[in-house]
Amino acid sequence: MDVVGASSAILASSFMPKTATINNIQFTRPLFHKFLLKPGLISSFTSFNRDISKSRLFTTLSSSPASTESVEPPQPEVEADSKLEKFDWYSEWYPVMPVCDLDKRVPHAKKVLGLDLVVWWDRNENEWKVFDDTCPHRLAPLSEGRIDQWGRLQCVYHGWCFNGSGDCKLIPQAPPDGPPVHAFKKACVAVYPSTVQHDIVWVWPNADPQYKDIIMKKKPPYIPVLDDPTFTKSMGNRDIPYGYEVLIENLMDPAHVPYAHYGLMRTRTPKMKADREGGRPLELSVKKLDVNGFTGKQEWGSSIFIAPCIFHAFSDPVVDQGNESKSSAETKKALPANRKMSLIFMCVPVSPGNSRLIWTFPRNFGVWIDKIVPRWMFHIGQNLILDSDLYLLHVEERKIMDIGATNWQKACFVPTKSDALVVGYRRWLNKYAGSKIDWRGKFSGALPPSPPREQLMDRYWSHVVNCKSCNTAYKGLNVLEVALQVIAIISIGIVAATKQSVMSAVARTTLVSLAIICFAASRLLAHVIYKNFHYHDYNHAFR
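Rules of the game
Residues numbered from 1 in each chain as written. Predicted model: local features only at pLDDT ≥ 70, side-chain atom pairs only at ≥ 80, totals over all residues. Heavy atoms only, no water. Pairing = 2+ DSSP bridges. Helix = DSSP H or I, 4+ residues; strand = E, 2+ residues; numbered from the N terminus. 1 Å grid on protein atoms, 1.4 Å probe; cavity = no way out; pocket = protein on both sides within 12 Å on 5 of 7 lines; lining within 4 Å. Points joined across faces, edges and corners; volume = space filled by probe spheres on them. Nonpolar A, V, L, I, M, F, W, Y, C, P; charged D, E, K, R; others polar. Phe/Tyr/Trp six-rings, centres within 6.5 Å; stacked < 30°, edge-to-face > 60°. Buried < 20%, exposed > 50% of the residue type's maximum accessible area, 1.4 Å probe, protein only. Lys NZ or Arg CZ within 6 Å of the ring centre and 35° of its normal. Core = buried A, V, L, I, M, F, W, Y, C linked by side-chain atoms within 4.5 Å. Polar contact = N/O pair within 3.5 Å; in protein donor to acceptor, adjacent residues only side chain to side chain. Expected span 1.5 Å × (residues − 1). Arc of directions from axis to C-beta. Contact = heavy atoms within 4.5 Å.

1. Considerations on the sheet that holds strand β5 (residues 115–122)
Move 1: Pairing within the open sheet is antiparallel, and its 4 strands lie in the order β4-β5-β6-β11. Each having just a single partner strand, β4 (108–112) and β11 (191–192) make up the two edges of the open sheet.
Move 2: Pairing geometry for β4 and β5, over 5 bridges, is antiparallel. Pairing of Ala109 across the sheet is with Val118, part of β5.

2. Focus: the sheet that holds strand β8 (residues 153–154)
Move 1: Strand order in the open sheet formed by 4 strands is β7-β8-β9-β10, and the pairing between neighbours is antiparallel. The two strands at the open ends of the sheet, each matched to only one other strand, are β7 (146–147) and β10 (168–170).
Move 2: Bridge count for β7 against β8 is 2 bridges, and the pairing is antiparallel. If you follow Arg146 over to β8, its bridge partner there is Gln154.

3. Quick look at the layout of surface pockets
Move 1: The space that makes up the largest pocket amounts to roughly 1000 Å³.
Move 2: If you trace the largest pocket, you find 39 residues lining it, with Lys110, Asp239, Trp461, Val465 and Asn466 closest to the centre.
Move 3: Among the secondary structure elements, those contributing two or more residues to the lining of the largest pocket are β4, β14 (235–240), β21 (354–360), α7 (390–403), α10 (453–456) and α11 (468–497).
Move 4: A per-class count over the lining of the largest pocket returns 15 nonpolar, 10 polar and 14 charged.

4. Comments concerning the packing of aromatic side chains
Move 1: What the rule picks out here adds up to 19 aromatic pairs.
Move 2: Consider the rings of Trp121 and Trp128, whose centres lie 5.3 Å apart with planes at 65°: the pair is edge-to-face.
Move 3: Trp128 gets classed as buried once you look at its relative accessible area, which sits at 7%.
Move 4: An aromatic cluster is present here, built from Phe87, Trp89, Tyr244, Phe294, Phe305, Tyr425 and Trp428 joined pairwise through their rings.
Move 5: Taking the ring centre of Tyr90 as reference, the NZ or CZ of Arg440 above it sits at 3.7 Å.

5. Some details on the nonpolar core
Move 1: Membership of the largest hydrophobic core comes to 86 residues, with the highest contact counts inside it found for Trp89, Tyr244, Phe305, Met346, Leu357, Tyr425 and Trp428.
Move 2: Sorting elements by how many residues they give to this core places helix α9 (residues 420–433) first, with 9 residues.
Move 3: By size, the runner-up hydrophobic cluster in this structure holds 15 residues, among which are Ile147, Leu153, Cys168 and Ile171.

6. Regarding the pairing of β14
Move 1: The buried fraction of β14 is high, at 5 of 6 residues.
Move 2: In terms of strand pairing, β14 meets β21 through 6 bridges, oriented antiparallel. Bridge pairing in β21 links Arg238 to Leu357.

7. Things to note about the side chain of Asn250
Move 1: Structurally, Asn250 can be placed in helix α2 (residues 244–251).
Move 2: Taking relative accessible area as the criterion, Asn250 reaches 7% and is therefore assigned buried.
Move 3: In terms of polar contacts, Asn250 uses its side chain to reach the side chain of Asp389, at 3.2 Å.

8. Points about α7
Move 1: If you check α7, its first and last C-alpha atoms are 21 Å apart, about what 14 residues at 1.5 Å a residue would give, namely 20 Å.
Move 2: For α7, the complete set of buried residues consists of Leu390, Leu393, His394, Glu397, Arg398 and Ile400. Looking down the long axis of α7, one finds its buried residues gathered within 160° of arc, a one-sided arrangement. Along α7, the residues that are exposed and aim more than 90 degrees away from the buried face are Lys399 and Asp402.
Move 3: Elements that come into contact with the buried residues of α7 comprise β14, α2, α6 (375–388), α8 (408–411), α9 and α10.

Right, dumping it as C-alpha cells:
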C-alpha cells in the first residue's frame, strides 16, 4: 500500500460512478476530484514547534536506467562529523490511537517503540492517560484490569488501584491501621506524558519526571487541515506485520500501485502501454532533507515526511500562467480549485517486524458521504489494499534484514526517479538515525518468525478488534447470521410439527422456501463475514 494506493479504497463503493485521473492513478468522483491544501501550507509544516536545521539539497535520481552515475543512494555518514545532528527517537511525540476507536469504559493495551503501554480514560480529570502497562506489585498487565466505580485504574490481579497521576490509592491487602504502604514511591505506576491532538492520543516515550510538562515546550506535529471544520477526517488504524521502515517507505512509492494493487484501482492508460498494468515513468524528487524529515515533489503535488511518523501528500495550488504546460493544464482541469484533499499516514514503530498505521484522508467535498456511510464500509476496501501487498512486504523486510539495513543501497537497484522518495527516506534513516530504530536494548534485532499466511493476513486481530465501527458491524452481522439460521430452523419445525390437514400446501411450501432462503442467506453471510473481517487472500497470479 502507498500514499495513493491506500486512499483509493475509499472509492470502492458503488455510489461514486465517475472517475477522474491524477498522475497515473484514476480516482472515483466525488472523493478524488481534487485534493488541494491552502496556499502556503507547506511552510506551515516546516515549523511544528521544532527547530529546522539547514541542510543541502538532495539531488534526485536520474530517470535513465543507464545513467547510474547520477544515482545518489543513501550513504552512511562519518561519525566524526560533530556538526551532524542525530535523531533522537525518544524525544518525539508518537500517535497511539484515534480517539474514535478507544472505549472509555476499558483500558487498552498498546505498544510504541517497544514500550508496553496502557491507555485509559480518567473520568476524574476528563483526560486520556498513558501508563506503563505494568503493575508495580507483581508486574501484571494493567491493561487486563478495569476502571472502578471511583474512576481509578484497577489491577485485577490483586486489586491495587491507581489515580490519573499514577499514585497508588488502594492496596486491599494492607491493614488499614498499618503503615501507608500505598503511598510509597515503589507503589506508583510510571506515567508517560500524553495529549490529544487532531482527535488522536499522542504519547511522549519517556516517563522521566523531567518530561512531565514537555507539552509546554514541544507539541505533536500540527496539521492545519485536520482542524479545519469544513473537511472530513474519518480515520482508520491497523496493526501491520512488518516493520515501520518498510511501511513508511512503501507509502512513499506510487510506482507500485498499478502492479501490487492491480484490479483494486483503475489506472490511466498511457499512450504507449508497455504492459497490462500500464506502469509509466514518474517524476518524483526530494527538495530538502534534514533531521526533521524532508519535502518531496510529484507531478501532481507535494509531500512532506515529518520524522519519524507522518507522511502527508497533497496537491499544489494551481496557478494560472500564460506559458502553462500541457501537463499543468491537464492537472488544472482535473483538479478544480474549490476541491481540496489531503492524504495523511501516521506510521508507528511498535517492535521489530511490527508497526501500526493510522490513516485519514480529509477533504472539503462529498462531506455528506461520511455522515451517512459507516466507516466499516470504507475499511473493507482499505484493508483489501493493505492485504494486496502485505505478504510481499513481509518477505521483503526479511531479505533486507539478511543483507543488513546499512547495505540497502548496495543491494537495491533504484535507477529511476519513481524511487526518489524511497531513497530520500533511506538517506534520512542512514544519515540521522544510524539506519535503524533505537530500541534501547529491548530487542535482539531479530525479526519474529513468519506465521502461516492466513494468520499473517488476519484482519480480525490486526484491525477489527481495534476499530469501533468494524467491531460493531462484525457483531451485528454475526447476530444476523444466527437470526437467519433460527428462522430457518423454526420454519422447518413448524412444517414438521403441523399436520397436513391443518396447513395448506401453499403455506407448507412457503415455509419450506423461507427456511431454504434463510439458511442459504446465513451461509452466504458467513462467507462475507469471514472474507471481510477475518481473512481475504490476494493471489496476484490470478488477478
